[in-house]
Structure formats: structure tokens, C-alpha cells
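Each chain, written out:
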Amino acid sequence: MEVVIIVVSSLLAAALLAAVVYKAVEMKKRIDQSKQEVQQIEQSEQYLLDIVQDGKTVRIECVDVNSDNVELVSK
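Residues numbered from 1 in each chain as written. Predicted model: local features only at pLDDT ≥ 70, side-chain atom pairs only at ≥ 80, totals over all residues. Heavy atoms only, no water.

A. Just the overall build of the protein chain, in detail. Looking only at helices and strands, one finds one helix and two strands in the protein chain. Across the protein chain, helices and strands are ordered from the amino to the carboxyl terminus as α-β-β. The buried share of the protein chain, taken over its 75 residues, is 0%. (Helix = DSSP H or I, 4+ residues; strand = E, 2+ residues; numbered from the N terminus. Buried < 20%, exposed > 50% of the residue type's maximum accessible area, 1.4 Å probe, protein only.)

In C-alpha cells:
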């Protein structure tokens, strides 16, 4: 009986370790993907603006423009 408990406990520990390793690998992939996206944005003149409201997301593409001749007017 004790052997069965040890085997089951070992299998459970191995399964938990595998789950932690899997999550760590997935997190690393997401972090790398985010870093690549940030690099692409920094190198590009086009930007993506995400607006999140009530669980819905709207993505707007923005472009840098020359604003030297623009006058800001406050109301």
C-alpha cells in the first residue's frame, strides 16, 4: 500500500512539474512575441492603438505626421 502511495505521489509531482514547465515555456514565447512587436513598432512609422472598453477591443492604425505647421488651439 505504501508503494502505491509513493508511486501516485511521484506521478502527481511529475504532472505538476510538467504543467509548470509548460506554462513557463508559453510565457517565454509570449514575452518574446511582445518584444518583437515592440521592436517592429519602434522601427515603423505606423503605430497600433488598442482601445479597450467593456471587454471589447478596437485597434486603430496610426501614422506619424509632420506637425511643424500645426497650431494647437484650446477651447
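B. Seen up close, the pattern of salt bridges. Tallying each qualifying case throughout the model produces three salt bridges. The partner of Asp-32 in a salt bridge is Lys-28, with the nearest N and O atoms 3.2 Å apart. Taken together, the residues Asp-32 and Lys-28, both in helix α1 (residues 2–43) and four residues apart, mark about one turn of the helix. Relative accessible area serves as the criterion here: at 48%, Lys-28 is assigned to the partly exposed category. (Salt bridge = Lys/Arg side-chain N within 4 Å of Asp/Glu carboxyl O.)

C. Fine view of a nonpolar patch on the surface. Among the surface-exposed residues, Leu-49, Ile-51, Val-58 and Ile-60 lie close enough to one another that they form a single nonpolar patch of about 310 Å² accessible area. Those elements giving two or more residues to the nonpolar patch turn out to be β1 (46–53) and β2 (56–63). By the element assignment, Ile-60 lies in strand β2. The class for Ile-60 is partly exposed, based on a relative accessible area of 34%. (Patch = residues over 30% accessible without salt bridge, like charges linked within 9 Å, V, L, I, M, F, W, Y side chains within 5 Å. Areas by Shrake-Rupley, 256 points an atom, 1.4 Å probe, with all protein chains shown as cover.)

D. Layout of the environment of Leu-48. Looking at the element boundaries, Leu-48 is found in strand β1. For the pair Leu-48 and Cys-62, spaced 14 residues apart in sequence, the C-alpha separation works out to 6.0 Å. Not counting chain neighbours up to four residues away, the residues in contact with Leu-48 comprise Arg-59, Ile-60 and Glu-61. (Contact = heavy atoms within 4.5 Å.)

E. Main features of the pairing of β2. Here β1 runs beside β2; their pairing, made up of eight bridges, is antiparallel. Bridge pairing links Val-52 to Thr-57 in β2. Hairpin remark: β1 followed by β2, antiparallel, with two residues in the connecting loop; positive phi at Asp-54, about 55°. (Pairing = 2+ DSSP bridges.)

F. Up close: unusual backbone geometry. Here Asp-54, not a glycine, exhibits a phi torsion of approximately 55°, which is positive. Relative to the helices and strands, Asp-54 is located in the loop between β1 and β2. Look at Asp-54 and you get exposed, because its relative accessible area is 76%.

In short, the description is geometric, and any link to function would need to be established separately.
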